[in-house]
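For reference, the chains in residue letters:
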Amino acid sequence: MARTENGKVALVTGGGQGIGQAIAERLHADGFRVAIADLNLETAGAVAESLGGKDAGAIAVHVNVSERDSVFAAVEQTVAELRGFDVIVNNAGIAPTSPIEEITQESIAKIFSINFNGVVWGIQAATKAFKDLGHGGKIISAASQAGHVGNPGIALYSATKFAIRGLSQTAAKDLAQFGITVNTFAPGIVKTPLMEELAKKVAADAGKSEEWGWEQFTKGIALDRLSEASEVAGVVSFLSGPDSNYITGQSILVDGGMVFN
Ligand SMILES: NC(=O)C1=CN([C@@H]2O[C@H](COP(=O)(O)OP(=O)(O)OC[C@H]3O[C@@H](n4cnc5c(N)ncnc54)[C@H](O)[C@@H]3O)[C@@H](O)[C@H]2O)C=CC1
Ligand SMILES: CC(=O)C(C)=O
């Protein structure tokens, strides 16, 4: 079906691969002009080009979400180049393993600076842009099923995702007065480079086979299969569009039936 512009602009962090790429592609197909923001400008550029580049409403933007100034600069660049700002998807994240007895000050600081601080900066930068432009907007961030229930071997990762849900619930209450909704999506086990590395590393840390590593995450999925990134992108499409206007402060599980809240 031919794409029809909807006049709105979205920025997706971590848009250079995996779930972020699928979200950028889906929002572009929905009619958004999209900024594909990533630490890796090469992959972000390839995604933007595959969508037709700036003439077709797709640009690549460099961002390091762990740095406040970088996130603000990425949002400002998006407003200037795409002429508007309506949705931010704080999707970038990392998932190192963190066996409990090996956690250090440095490992806490590193993962929180990207997964959690990056969402704080995204919320702040988007709020400023929405206010400057004189309208509300939608803030959507990546949580995880691991932010609803602790997962083996990834205590710090789970902690960041629980924290993102807490932050987003408060932001939903604080920012509602400005017409801003704040929600998270919580994927299950999605076929991306991040998940492949994680399953292998959990197995290696435990001295077990790669198959065992995958089993730690995939046992008990009611639908009995892994998720495609496009299935997560479909839910983000809903959260970005008008059908979700009366939803705020929620975490939508997209996990094939792993966690039942
Ligand atoms: N793959 C999965 O099974 C699940 C993933 N998630 C979450 O979904 C989000 C995306 O995950 P995937 O696509 O699997 O990951 P991925 O590793 O495949 O892609 C992540 C992207 O984020 C970018 N990135 C990393 N650090 C960055 C930084 N400091 N600044 C800007 N960009 C940065 C990377 O360059 C990469 O393009 C993450 O927040 C992850 O925690 C949640 C649940 C399950
Ligand atoms: C990486 C992740 O979010 C998992 C295992 O749910």
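Identification of the chain as Diacetyl reductase [(S)-acetoin forming] from Cryobacterium fucosi is taken from an unreviewed UniProt entry. The UniProt entry for the chain carries this comment under Catalytic activity (unreviewed entry): "(S)-acetoin + NAD(+) = diacetyl + NADH + H(+)". Word for word, the UniProt comment on the chain under Sequence similarities (unreviewed entry) is "Belongs to the short-chain dehydrogenases/reductases (SDR) family."

Focus: the UniProt feature "active site" (unreviewed entry) in the chain
In the UniProt entry, the feature "active site" (unreviewed entry) is given for Tyr157. With respect to the helices and strands, tyrosine 157 occurs in helix 5 (residues 155-175). Contact partners of tyrosine 157, with chain neighbours within four places excluded, come to Ile94, Ala95, Ser98, Ile111, Asn115, Ser144 and Ala146.

Quick look at the nonpolar core
Of all hydrophobic cores here, the largest spans 31 residues; its most connected members are Leu11, Val75, Phe85, Ile88, Ile139, Leu175 and Val182. Broken down by secondary-structure element, the contributors of at least two residues to this core are strand 1 (9-13), strand 2 (33-38), strand 3 (58-62), helix 3 (68-82), helix 4 (105-133), helix 5 and strand 6 (180-187). Residues contacting isoleucine 139, with those up to four places away along its chain left out, are Ile88, Asn90, Ile123, Ala126, Thr127, Phe130, Leu175, Ile180, Thr181, Val182 and Asn183. Counting residues in each nonpolar core, the second largest holds 28 residues, with Ala22, Val47, Val89 and Val190 among its members.

Side note on the site of ligand 2
The local shell around ligand 2 consists of Ser144, Gln145, Ala146, Asn151, Tyr157, Gly188, Ile189, Leu194, Met195, Leu198 and Phe217. Glutamine 145 places a side-chain nitrogen or oxygen 2.7 Å from an oxygen atom of ligand 2. In the model, an oxygen atom of ligand 2 is placed 2.6 Å from a nitrogen or oxygen of the tyrosine 157 side chain. Summarising the interface, the protein chains cover 95% of the accessible area of ligand 2, which totals 220 Å² for the free molecule. Looking at which element gives the most residues to the shell around ligand 2, the answer is helix 6 (residues 193-206), with 3 residues. Along the lines of polarity and charge, the residues of the shell around ligand 2 split into 7 nonpolar, 4 polar and no charged.

Rules of the game
- Residues numbered from 1 in each chain as written.
- Chains lettered and ligands numbered in written order.
- Predicted model: local features only at pLDDT ≥ 70, side-chain atom pairs only at ≥ 80, totals over all residues.
- Heavy atoms only, no water.
- UniProt positions renumbered as here; feature names shortened; annotations may be inferred.
- Helix = DSSP H or I, 4+ residues; strand = E, 2+ residues; numbered from the N terminus.
- Contact = heavy atoms within 4.5 Å.
- Core = buried A, V, L, I, M, F, W, Y, C linked by side-chain atoms within 4.5 Å.
- Buried < 20%, exposed > 50% of the residue type's maximum accessible area, 1.4 Å probe, protein only.
- Near = heavy atom within 4 Å.
- Polar contact = N/O pair within 3.5 Å; in protein donor to acceptor, adjacent residues only side chain to side chain.
- Areas by Shrake-Rupley, 256 points an atom, 1.4 Å probe, with all protein chains shown as cover.
- Nonpolar A, V, L, I, M, F, W, Y, C, P; charged D, E, K, R; others polar.

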